[in-house]
Amino acid sequence: MHRFHRNHLTSTSGFTLIELVVVMAILSILGALTLAGLSGAATKSKQETTEFMINRLNDAIMDWYEDYEDLAKPGGLVTLRRRMREEMPDSWAEVFANPASPTTATGRAYSRYRASGSSHANFEKYQSAECLYMIITRSGRFPDFLEDIRPERIGDIDADGLKEFWDGWGRPIAFFRWAPGFASLVQPITSATGDPMDVDSPPADLSAYPLLPLIYSPGPDEAMNDPLSGPDGYGLTTAASGWPDSALASICTFNAGGSGIVGSPKPGDAYLDNITNHDLMAR
Ligand SMILES: [Ca+2]
Ligand SMILES: [Ca+2]
Ligand SMILES: [Ca+2]
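What comes next is a walk through the structure.

Parameters and conventions
Residues numbered from 1 in each chain as written. Chains lettered and ligands numbered in written order. Predicted model: local features only at pLDDT ≥ 70, side-chain atom pairs only at ≥ 80, totals over all residues. Heavy atoms only, no water. Helix = DSSP H or I, 4+ residues; strand = E, 2+ residues; numbered from the N terminus. Buried < 20%, exposed > 50% of the residue type's maximum accessible area, 1.4 Å probe, protein only. Contact = heavy atoms within 4.5 Å. Areas by Shrake-Rupley, 256 points an atom, 1.4 Å probe, with all protein chains shown as cover. Donors = N, O, S within 2.8 Å, 3.2 Å for Na, K, Ca; no water. Tetrahedral: all angles 85-135°; square planar, octahedral: opposite > 155°, others 65-115°. Salt bridge = Lys/Arg side-chain N within 4 Å of Asp/Glu carboxyl O.

### What about the overall build of the chain?
- Scanning the chain from N- to C-terminus turns up seven helices and five strands.
- For the chain, the N- to C-terminal ordering of α and β elements is α-α-α-α-α-β-β-β-β-α-β-α.
- Out of the 283 residues belonging to the chain, those deemed buried represent 43%.
- The long-range share in the chain, meaning contacts at least 24 apart out of those at least 6 apart in sequence, stands at 71%.
- Just so you have it, the chain exposes about 14,600 Å², and 58% of that area is on carbon and sulfur atoms.

So this is what it looks like as C-alpha cells:
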C-alpha cells in the first residue's frame, strides 16, 4: 500500500506546464462552444415563440377572412370590402372617431376603444399592431384567444394604453389587412387570379387583386423603422394616408409595378429576415 501511494503521488506531480496549458485551452474551447450553443438556442426559442404567435393570429384572422368569402354575392364586392375594412382595420384612420358612425356593432366597439388612446401623443405609433390586438380582443369573435397566450407576449411598447401582441424579441406584431405589394407564395402580386370575393360573372373588376391579410414580425434584426416616419414599417411600405378609399377601383385595384405599394419592401434589406404568416402558410 505504502509503495502504491508513493507512486501515485509521483505520477500526479508529473504534470508539466505544457500539459496544463493544453487542458486550459481545451476547457476554454468547450466553454466557448457551450456559450455559442446557448446563444443559438435562445435565438431559436425566440423564433419559435414568434412563429407560434403569428400562427395563432393567422388562424384567427384567416378564419374570419374566409367567412367574408362565404358572404360574397354578385354585385356585392364593394359592400363586402367596406365591411371588412370596418371590422378588420389596420390603421386608426379606418376606425370611426364617432361611435354612432359605424354600420356594425364591431365597428362601434372599436370606436369606443379608439377613444381610450386617441389623445395620447403616441396614438399613431405601432397602430397596425394595436389594431390587430383590438380586432382579437374587441370584436367578440375570439373569446378564448388569450387563454394560451403568455402574459409577456402582450405589451404596450409606446405606453399609450393601447396594447399590442409581441414577438419573441419583444417587438409588436404588425398587421396589414390588404398588402398587395407583398410578394409571397400564397399571394400573387398580379391580378391574374382576381379577387376571390368578386363572384360576379364576369367579375365586376378584372384588375382586382387577392388581398390576403399580412401578419408579421421584424424578425431577429428587430429592425423597426422610425415610428414617426411610418407607424410600424418593419422594412415594408405602409399605407398612404386614407388608403384605400371608397370606390371599387381604389379598394381593389393597385399598381403592382409602382413603388410605395402597401407591403412592398423598402430600400434596404430589413425585410429579409421578417417572419410572416404568408411564409408560415407556405411551409
Ligand atoms: Ca400607439
Ligand atoms: Ca401601444
Ligand atoms: Ca427584419
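Once you've had a look at it, read on.
### Considering the coordination of the calcium ion (ligand 2)
- Distances from the calcium ion (ligand 2) to its protein donors, namely E130 (OE), D156 (OD), D158 (OD), D160 (OD), L162 (O) and E164 (OE), fall within the range 2.2 to 2.5 Å.
- Every donor counted, the six donor atoms about the calcium ion (ligand 2) form angles of 79 to 169 degrees at the centre, which fits octahedral coordination.
- Positions of the donor residues of the calcium ion (ligand 2) along the chain correspond to the pattern E-x25-D-x1-D-x1-D-x1-L-x1-E.
- Taking relative accessible area as the criterion, D160 reaches 5% and is therefore assigned buried.

### Some thoughts on the coordination of the calcium ion (ligand 1)
- Here the calcium ion (ligand 1) is held by N122 (O), F123 (O), K125 (O), E130 (OE), E130 (OE), D158 (OD) and D160 (OD), and the distances to it run 2.2 to 2.9 Å.
- Separating the calcium ion (ligand 1) from the calcium ion (ligand 2) is a gap of 4.0 Å, which E130 spans by donating to each of them.

### What about the pattern of salt bridges?
- The full count for this structure, using the stated rule, is eight salt bridges.
- The salt bridge partner of R177 is E94, with a shortest N-O separation of 2.9 Å. Here R177 is found in the loop between β3 (174-176) and β4 (214-217), whereas its partner E94 is found in the loop between α3 (77-87) and α4 (105-115), with 83 residues between them in sequence. Take R177 and E94: they sit in the same class, and that class is buried.
- With its nearest N and O atoms 3.3 Å apart, the salt bridge here joins R171 to E222. Highlighted residues: R171 in the loop between β2 (164-165) and β3 and E222 in the loop between β4 and α6 (248-252), separated in sequence by 51 residues.
- Accessibility expressed as a relative area gives 25% for R171, which makes it partly exposed.

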